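Inside the fold
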Amino acid sequence: MNARENDDLIDKAVEVLKENDRGTYTVPTKGLYPFQWNWDSCFTALGQGYYDEARAWTEIETLFQHQWPDGMVPHIVFHVRDDGYFPGPDVWQTGRPTATSGITQPAVAGFAVRRLYERAKDRESAAVRARALLPKIDAWHRWFYDRRDPRGEGLVAIIHPWESGRDNSIDWDAAFARVPTHGVAPYQRRDTQHADPAHRPTKEQYDRYLWLVQHFRGLCWDNSRLHDASPFQIVDAGFNAILIRSCVDLADLALDLGEPALAETNRQRASKAIAALDALWSEPHGQYLCLDRLTGELIDSASVGGLMPVFAPIAKARAAAIARTIEKRAAAARFIVPSHDPADPRFDAKRYWRGPAWLVVNYMIADGLTAAGETEVAARITGSSLDLIEESGFAEYYDPLTGEPLGGGRFTWTAAMVLEFLRAA
Ligand code: GLC
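Every chain is numbered on its own, with residues counted from 1 as its sequence reads. With the structure being a predicted model, the display of local features is reserved for residues of pLDDT at least 70 and the display and counting of side-chain atom pairs for 80 or more, all residues being used for whole-chain, interface and lining totals. Only hydrogens and water are set aside; all other atoms, that is, all heavy atoms of the structure, feed into the side-chain values.

1. Describing the overall build of the chain
Note the following rule: Put simply, DSSP H or I for four residues or longer makes a helix, DSSP E for two residues or longer makes a strand, and each gets a number counted from the N terminus. What the globule rule says is 2.2 Å times the number of residues to the power 0.38, and the radius of gyration is computed from C-alpha atoms. Residues are treated as being in contact if the distance between any of their heavy atoms lies within 4.5 Å. Reported accessibility uses the Shrake-Rupley method at a 1.4 Å probe radius. Residues are deemed covered only where the shown protein chains occlude them.
Across its full length, the chain carries 17 helices and 9 strands. Computed over the C-alpha atoms, the radius of gyration of the chain is 20 Å, within 12% of the 22 Å expected from 2.2 N^0.38 for a compact globule of 425 residues. By principal-axis analysis of the C-alpha atoms, the chain measures approximately 55 × 50 × 45 Å. Pairs at least 24 residues apart make up 71% of the contacts formed inside the chain by residues separated by at least 6 positions. If you sum the accessible surface of the chain, you get close to 15,300 Å²; carbon and sulfur atoms cover 50% of it.

Take a look at the structure:
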């Protein structure tokens, strides 16, 4: 790509970000997702930081204004009424002053805030705003290890597939089969009106998603009870890696801002988790796997969630093995990184998190590989991501075999990642 093409792409990405900007928060895309999503917002802020630092800080601050008293940061904040999305506030019934969902999402905030802070041109304002966010992010991390690791194993569990951010991954299939489908109140999906049903989760999966929501609602969203009461408790390697990275980044930031005690607590959380994570390594797959906490068994499913730990400071040898696994996957797909191993018969190139490539995931993997010195594979991932954008625009996700754009269009976090990739390329 030459400089002019780059400039053009930057303009287009900024246009998407601005189009989806609602003033103090940004929607992932019009129609399909009309509210604020947790990890989307943190990635979005990184993109906004290139053209409006103040606006980038606001994006994350808005999210944390809706943090629960117990420390949890919800996965959706329903700032406005919009019947175009299901399940809305009437289904969640979390009783929050501004309606929110009752579950969380990957803890990207610590990483994003550190990055915003380091890049900030307005140093003074960045220090003030980062310092105000520090205790809030720390409270969220504490919540994770208290509420989602009640036996102090070092790793946290998700209790709903939506928490992982990889909604319908093959990783969840076996455990999810234990979640009942009976007794779910009748409902009408909205996602399939905005996107091709063949690219979205199935009806049976949706029944189970909703069964869990109803179950937790019946327990009044009391996080001291939800983990143990959930028939779905999965230790997702990718999810934990993001939390570890956020703990490490928050610790560095805290040191810089003169908060050594907060830094030390987060460093300890990260060290314990990194040691525990190693039990999820699979030599035959050359990657990490998820653990089903209720059966105590590793889940035999080679998804991208098991490559994401490279985003955390894992051992060099593990990072190198992950790089080799990605090279293997690259031989089977035109675009990397597919969200599931194409060699697995369950791989589905077009269905959401069961095969398609996602730019935010590419970004985290490339960032981790670069830090581990695997710069060649990192550059391949960046190149592949930019090829996808050039060929297929700012889609929600892409078929890794053909590059076809899938799901929603003019997608916010995809645009934000393009700005990041162009800087790295
Ligand atoms: C889907 C994705 C999730 C994302 C949300 C909004 O639910 O699986 O990761 O946060 O859309 O973009």
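2. Thoughts on helix α13 (residues 260–277)
Threshold: To estimate how far a helix should extend, the number of its residues minus one is multiplied by 1.5 Å. Exposure categories follow from relative accessible area, calculated using a 1.4 Å probe and restricted to protein chains: below 20% of the type maximum is buried, above 50% is exposed, and the middle band is partly exposed. In this context, the arc is that of the directions from the helix axis out to the C-beta atoms.
Taking 1.5 Å per residue as the helical rise, α13 with its 18 residues ought to reach 26 Å, and the 25 Å between its terminal C-alpha atoms agrees with that figure. Within α13, burial applies to L262, A263, N266, R269, A270, A273, A276 and L277. The buried residues of α13 occupy an angular sector of 160° when the element is viewed end-on, so they sit on one face. Exposed residues lying more than 90 degrees from the buried face of α13 are P260, A261, Q268 and A275. Summarising the contacts, the buried residues of α13 are in contact with α6 (123–147), α12 (237–256), β4 (281–282) and β5 (287–288).

3. Concerning the environment of Q233
Put simply, the rule reads: Counted as a polar contact is a pair of N or O atoms within 3.5 Å, where, for protein atoms, one must be capable of donating a hydrogen and the other of accepting one, and residues adjacent in sequence contribute only when both atoms are in side chains.
Note on placement: Q233 falls in the loop between α11 (223–229) and β3 (234–235). Relative accessible area serves as the criterion here: at 3%, Q233 is assigned to the buried category. It is 5.6 Å that separates the C-alpha atoms of Q233 and R293, two residues lying 60 residues apart in sequence. Residues contacting Q233, with those up to four places away along its chain left out, are R151, A157, I158, H227, D228, L291, D292, R293 and L294. Within the local environment of Q233, its side chain forms a polar contact with the backbone oxygen of H227, the two atoms lying 2.7 Å apart.

4. Digging into the packing of aromatic side chains
Quick reminder of the rule: Only rings of Phe, Tyr and Trp enter the pairing, Trp through its six-membered ring, and a pair is recorded when the two centres are within 6.5 Å. The plane angle decides the type: under 30 degrees is stacked, over 60 is edge-to-face, the rest tilted.
Under the criterion given, the structure shown has 35 aromatic pairs. When the centroid spacing of 5.1 Å and the interplanar angle of 65° are considered together, the rings of W143 and F144 count as edge-to-face. In this structure W143 comes out as buried when scored by relative accessible area, which is 2%. For the pair F176 and Y209, a centre-to-centre distance of 5.4 Å together with 40° between the ring planes defines the contact as tilted. Residue F176 is located in helix α8 (residues 173–176), and its partner Y209 is located in helix α10 (residues 203–218); the two are separated by 33 residues in the primary sequence. Each member of the pair, F176 together with Y209, is buried.

5. So, the site of the ligand
Stated formally: What makes a residue near a molecule or strand is one non-hydrogen atom of that residue sitting within 4 Å of it.
The ligand sits among P28, Y33, W37, W39, D40, Q105, G165, D167, Y352, W353, F411 and W413. W39 places a side-chain nitrogen or oxygen 3.1 Å from an oxygen atom of the ligand. Here G165 contributes a backbone N or O atom positioned 2.6 Å from an oxygen atom of the ligand. Look at the ligand: alone it shows 310 Å² of surface, and the protein chains cover 97% of it.

6. Comments concerning the packing of helix α2 (residues 38–48) against helix α5 (residues 109–119)
For the record, the criterion: Think of each axis as a best-fit line through the C-alpha atoms, taken over the contacting stretch in the case of a helix, with angles from 0 to 180 degrees between the N-to-C directions. Each angle receives one of four descriptions, namely roughly parallel if under 35 degrees, roughly antiparallel if over 145, roughly perpendicular if within 65 to 115, and oblique otherwise. Classification used: nonpolar for Ala, Val, Leu, Ile, Met, Phe, Trp, Tyr, Cys and Pro, charged for Asp, Glu, Lys and Arg, polar for all others including Gly.
Packing of α2 against α5 brings their axes to within 9 Å, and their N-to-C directions diverge by 10°. Put simply, α2 runs roughly parallel to α5. In this structure, α2 contributes C42, A45 and L46 to the contact, and α5 contributes A109, F111, A112, R115, L116 and R119. Taken together, the residues that form the contact of α2 with α5 break down as 7 nonpolar, no polar and 2 charged.

7. Section: the environment of S125
Here S125 is to be found in helix α6. Given the relative accessible area of 25%, S125 is considered partly exposed. For the pair formed by S125 and E53, sequence separation is 72 residues and the distance between their alpha carbons is 9.5 Å.

8. Here we look at the pattern of salt bridges
Here is the rule: Salt bridges are counted wherever a side-chain nitrogen of Lys or Arg sits within 4 Å of a carboxyl oxygen of Asp or Glu.
One pass over the structure, following the stated rule, counts 41 salt bridges. Salt-bridge contacts for D21 lead to R55; the nearest nitrogen and oxygen are separated by 2.8 Å. Here D21 is found in the loop between α1 (3–19) and β1 (36–37), whereas its partner R55 is found in helix α3 (residues 53–65), with 34 residues between them in sequence. Relative accessible area serves as the criterion here: at 23%, D21 is assigned to the partly exposed category. With a relative accessible area of 9%, R55 lands in the buried category. Between E59 and R55 there is a salt bridge, with its nearest N and O atoms 2.9 Å apart. Linking E59 with R55, this pair stays in helix α3, spanning 4 residues, or about one helical turn. Take E59 and R55: they sit in the same class, and that class is buried. Three or more residues are tied together by salt bridges with common partners; here these are R114, R115, E118, R245, D249, D252, R267 and D367.

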